[in-house]
Every structure is written in C-alpha cells, then in structure tokens.
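Structure at a glance
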Amino acid sequence: MPRGLRSQLRLRVLLLLLLLPPPPPLAGALELHDPAGPGEEAEEPRSGQAWPSLPFRDLGKWVRAAGALSRRYWALFSCRVWPKTCSLDKEAPAGALGWSLPLLGQQYLDILTTWYCSFRDCCDHGDCRVSNNFTGLQSDLSVRLHGQHLAQDLVLTTVKSYLELPRPDKALALSFHGWSGTGKNFVARLLAENLYRDGLRSDCVKVFITMIHFPHPQYVDLYKEQLTEQVRKTQEHCHQTLFIFDEAEKLHPGLLEALGPHLERQVLENHSAESSRTIFLFLSNLGGNIINEVVLGLLKAGWSREDITMEHLESGLQAEIVASTDSGFGHSRLVKENLIDFFVPFLPLEYHHVRLCARDAFLSQELLYTEEALDEIAKMMVYVPKEEQIFSSQGCKSVSQRINYFLP
C-alpha cells in the first residue's frame, strides 16, 4: 500500500476513535437503564448466562451512522489542513457544516489539527498558518449567519476576490455597521476561522477593542506608537494579516489618523516579489438607526427582506456616518479619502431570526430543545418600534445566556 494512502488510513481511524460520539441507546440492550440504580454496581450475569445482545438491525444502523459521521469529520479535517483540495459535500443536510457538528467534536478536531500540523506542514506551499478556506466560509455565512443576506454576499465576494489578486496594491478595508447583536463580531470570527488555521488565536490576526486597548485619551500618542508598531511587526511576520477593530466609532481621531497610511494605495517597486495582503475590519454600531429606518419603511411598503439591496442603504448609511457628531470616525481621513472600500450594513433581526439563534445556542452546547423553548426565548427579547414590534432591540445578544432558564 502506498505510504500516503497508509497515512490517510491511519488518520481516518484516529478520527473515528477520537470523534465518534457514544452509540445511542438501543432498545433491548439491558433496557438501557442501570437496574442497580445510581451509585450501585450492576450484577454480573450468572455462570453460563450471557449478556443481552444488541439487535443486529440496530447495530447495523449504528455502524452505518458511525461510518457517515467519520467521513464527515474526515472531510472537515481535510479542509483544514489541505484547503486547496477541499471538496465538502454540497448536498449535506442543512446545518451539517454548522452547529450540527457537536461542540466536543469541534474541540477534538482542533486538537487533532494542531497535533498533525505540529510535525507536518498543513499546506502544499507558502505560509501554513493561512488556510483561506473559501468553501468553509461560504458555508458558514449561509448556514450559521441569520438574516444578513447583504453582509453574507458582500463579505464573501470582496474577501475572496481580494485574496485571489496576484499583486494587491492596497489593503482591503471593510466597515461593518448595524445595531448590537446583529452579527458583526460573529462574521469577523468566521473570517478568522476560515482564513487562518488557528482562527482568532493566529499570530497573523490581531483584535483591538477600543475601550480595552485604548481607554485613556491622554495616552493617545503612546497608543499611536504601539498600534503602528503592532501593525508593522504583524505584516513583517505574516504575508497575510487580519486586523479587527471593535467599537470603531469610539477610536480616538489620532488613532484613525495613524491607520491612514496603512490603508493607502502602495507603489509596488519589486514586481517579482509577492505583495502582502492585509484586511482591516472596523465594527461599529454607527449607522444602525438609519439602516433600521430604511428596512422598516421597505417592509411596510410590502418589500420582502431578501429583496433589499445595497442601493437601498448605501447612500443613507454613509451620510449618517459622515454627519455623526458623537464619533470622529465619519470625519476621519479613512472616510473622507475613501480609504474604506465597503460599508457593510447589518440588518435588524426579527423574531424568527432570534429563534434560529436560540436553536444554535442549544446545539452548540449539545443540549436538547423544543420548539416551545425557542418561542419562549424569542418572546423574552424586547421588540421595536413600539407600535410594530418587528425588530429585536438586542438582535441575538444574550440569547445564549437565556437558554439557562430552560435547563433541567
């Protein structure tokens, strides 16, 4: 047997052993309740008496299910370490690449990937920290992100096109706008997870939260030096980098000014050298009100949510950002000199989106749920405007904490 085939076979067996969940309860197998009761040891069978056997039909079902699950894990593992050969089954059941993968299984997959990559390159060439799994990104955005068709299409298209450019002469700058809880941080995390082997833990990804990393305006000069040095060092260390700025509307004007040169178009002097690729993400609640007003108006006029386009929102969103007096973001050179490539609107979430978020929260913790529980959680949220009560005022924020009320 060829060495490469033997290696793949060993990995498949290891995946099966590590990742398969315990077999489900089977009717007829010891009644599947311990007759001795909790804390007591069950009696062993008397001499000559055999343990009750598993029904062959049920055992066959479990073996087939185990084989299907091991193939799914193998496909996911292959996409992580060999993204260029990724070929996930497009006809997998809905959610197969999302929360249907048990959380423990995801953790095992992370451990196995890290272990394998610790002694063997996980890519054919280039930087093995970079995965650029666009198939996984597309699946995650379509399965795990709810109610954001504009962000889903725009983020996937722009990021994929940018990273496939042979020699980009500018960093890609995307600015996410919308109410809290609509998915801005979630999309940033999905990007990190699919573009880098170690996700947000990658040393090529840097996350800055304004009120944590730059809390004191009097130290802005020190912050500027530290931020500029951090960007420079990361770009030197990685040929593809991702910088995420949460609460971007609270960034000091001096820090926004310091970022300007990194977003400008660069002159490529050495045409033979590979140019670096940098993505800047700015996450902000700025512009959320105008987005909600436009969406509400269109829904009242009979428009379908999925028919809302960038043309409906783009001009109003940029106008509100520029006109804002509570933030220096709209008055910075990043906006005035068009250094931001796209302003990405995140639409307000509705009742059925909150239910989907609640379902995902249960599944991520491998907990059972009922349709009634999802309805109860969705009803806990506050909906606005007062008359129509269409949009969740917090989006899906705090949904994962609310499932605790429904645990036994």
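Below is a short write-up of the structure. For clarity, every value in this text was computed on a predicted model and none was experimentally measured. (Residues numbered from 1 in each chain as written. Predicted model: local features only at pLDDT ≥ 70, side-chain atom pairs only at ≥ 80, totals over all residues. Heavy atoms only, no water.)

**Focus: the overall build of the protein chain**
Keep this limit in mind: A helix here means a DSSP run of H or I that spans at least four residues, while a strand means a run of E at least two residues long, and both kinds are numbered starting from the N terminus. Each residue's exposure class comes from its accessible area (1.4 Å probe, protein chains only) as a fraction of the maximum for that residue type: buried when under 20%, exposed when over 50%, partly exposed otherwise. By the convention used here, residues are in contact when the closest approach between their heavy atoms is within 4.5 Å. The Shrake-Rupley method, run with a 1.4 Å probe, gives the accessible areas here. Residue values count only the displayed protein chains as cover.
For the protein chain, the count of helices and strands is 15 helices and 7 strands. Scored against the burial criterion, the 408 residues of the protein chain give a buried share of 45%. Counting only contacts in the protein chain whose residues sit at least 6 apart along the sequence, the fraction spanning at least 24 positions is 77%. For the protein chain, the exposed surface amounts to about 22400 Å²; the carbon and sulfur share of it is 54%.

**What about the state of the cysteines?**
To keep things clear, this is the line we draw: Throughout, disulfides are identified as pairs of cysteine sulfur atoms within 2.5 Å of each other.
Using the criterion set out here, one finds 2 disulfides in the structure. One disulfide in the model links cysteine 204 with cysteine 238; its S-S distance is 2.1 Å. Every disulfide takes its handedness from the sign of the S-S torsion; for cysteine 204 and cysteine 238 that torsion is -85°, giving left-handed. On the criterion of sequence distance, the pair formed by cysteine 204 in the loop between helix H6 (184-195) and strand E2 (205-209) and cysteine 238 in the loop between helix H8 (220-237) and strand E3 (240-246) is long-range, its members being 34 residues apart. When sorted by exposure, cysteine 204 lands in the same class as cysteine 238, which is buried.

**A short note on the packing of helix H4 (residues 134-143) against H6**
Two numbers describe a pair of packed helices, the interaxial angle and the distance between the axes. Worth spelling out the cut-off: Convention adopted: a line fitted to C-alpha atoms gives each axis, helices being fitted over their contacting stretch, and angles between N-to-C directions are expressed from 0 to 180 degrees. Angles below 35 degrees are treated as roughly parallel, those above 145 as roughly antiparallel, those between 65 and 115 as roughly perpendicular, and all remaining angles as oblique. Handedness of each helix crossing follows the sense of rotation of the near helix against the far helix: counterclockwise by less than a right angle gives left-handed, clockwise gives right-handed.
At a minimum axis distance of 8 Å, the contact between H4 and H6 shows a crossing angle of 155°. With respect to H6, the element H4 is oriented roughly antiparallel. Note that H4 runs across H6; the crossing there is right-handed. In this structure, H4 uses Phe134, Gly136, Leu137, Asp140 and Leu141 to contact H6, whose residues at the interface are Val187, Leu190, Leu191, Asn194 and Leu195.

**Describing the packing of aromatic side chains**
Aromatic ring pairs are defined here through the distance separating the ring centres and the angle between the ring planes. As a reminder, the rule being used: Only centres within 6.5 Å qualify two rings of Phe, Tyr or Trp (six-membered ring in Trp) as a pair; their planes then separate them into stacked at under 30 degrees, edge-to-face at over 60, and tilted for everything else.
Here the structure, examined in full by the defined rule, presents 12 aromatic pairs. An angle of 35° between the planes, with centres 5.9 Å apart, marks the rings of phenylalanine 362 and tyrosine 369 as tilted. Its relative accessible area of 1% is what places phenylalanine 362 among the buried residues. Within the aromatic cluster, the residues linked to one another by ring pairs are Phe208, Phe214, Tyr219, Tyr223, Phe243, Phe245, Phe280, Phe282 and Phe329.

**Considerations on the pattern of salt bridges**
Short version of the rule: Each salt bridge in this description consists of a side-chain nitrogen of Lys or Arg and a carboxyl oxygen of Asp or Glu lying within 4 Å of one another.
A complete count under the given rule lists 19 salt bridges for this structure. Across the pair glutamate 264 and arginine 333 runs a salt bridge whose closest N-O atoms are separated by 2.2 Å. Separated by 69 residues along the polypeptide, glutamate 264 in the loop between helix H9 (253-263) and strand E4 (277-284) and arginine 333 in helix H12 (residues 333-336) bring together distant segments of the chain. Judged by relative accessible area, arginine 333 falls into the buried class, the value being 15%. Here arginine 305 ties to glutamate 350 by a salt bridge, and the two come within 2.8 Å at their closest N and O atoms. In this pair, arginine 305 is assigned in the loop between helix H10 (288-300) and helix H11 (310-323) and glutamate 350 in the loop between strand E5 (342-345) and helix H13 (351-364), connecting sequence segments 45 residues apart.

**With respect to the side chain of arginine 129**
Topologically, arginine 129 is positioned in the loop between helix H3 (103-119) and H4. The class for arginine 129 is buried, based on a relative accessible area of 18%. Setting aside anything within four residues of it in sequence, one finds arginine 129 in contact with Leu195, Tyr196, Arg197, Asp203, Cys204, His237 and Cys238.

**Remarks on the packing of H13 against helix H14 (residues 371-380)**
Short version of the rule: By the convention adopted, Pro, Cys, Tyr, Trp, Phe, Met, Ile, Leu, Val and Ala count as nonpolar, Lys, Arg, Asp and Glu as charged, and the other residues, Gly among them, as polar.
Direction vectors running N to C along H13 and H14 enclose 120°, while the axes themselves pass 9 Å from each other. Classified by the angle their axes make, H13 and H14 are oblique. Classified by chirality, the crossing of H14 by H13 is right-handed. When H13 is examined against H14, the residues Tyr351, Val354, Arg355, Ala358, Arg359 and Phe362 are found in contact with a partner set consisting of Glu371, Ala373, Leu374, Asp375, Ile377, Ala378 and Lys379. For the contact of H13 with H14, the per-class residue count stands at 8 nonpolar, no polar and 5 charged.

**A few points about the sheet that holds strand E1 (residues 172-177)**
Quick reminder of the rule: Here, any two strands with at least 2 DSSP bridges between them count as paired.
Strand order in the open sheet formed by 5 strands is E2-E3-E4-E1-E5, and the pairing between neighbours is parallel. Two strands close off the open sheet at either side, each with one partner strand: E2 and E5. Each neighbouring strand pair of the sheet contributes to a mean axis angle of 15°, computed without reference to strand direction. Bridge count between E3 and E4: 6 bridges; the pairing is parallel. Across the sheet, the residue bridging to leucine 242 is isoleucine 279, located in E4. Contacts from H8 reach E2, E3 and E4, with the element oriented near 150° to E3. Strand contacts of H9: E1, E3 and E4, with the helix running at about 145° to E4, the strand carrying the most contacts.

**Re H6**
Our working definition: One less than the number of residues in a helix, times 1.5 Å, gives the span that helix is expected to have.
Across its 12 residues, H6 extends 17 Å between first and last C-alpha, which sits within 8% of the 16 Å expected from 1.5 Å per residue. Of all 12 residues in H6, 9 are buried, a share of seventy percent or more. Among the residues of H6, those classed as buried are Lys184, Phe186, Val187, Ala188, Leu190, Leu191, Ala192, Asn194 and Leu195.

**Regarding unusual backbone geometry**
A cis amide bond links valine 384 with the next residue in sequence, proline 385, at an omega value of -5°. With respect to the secondary-structure elements, proline 385 resides in the loop between strand E6 (383-384) and strand E7 (391-392). You will see that asparagine 132, though not glycine, has its phi angle at about 45°, which is positive. Here asparagine 132 is to be found in the loop between H3 and H4. Located in the positive-phi region is glutamate 366, a residue other than glycine, with phi close to 55°. Note on placement: glutamate 366 falls in the loop between H13 and H14.

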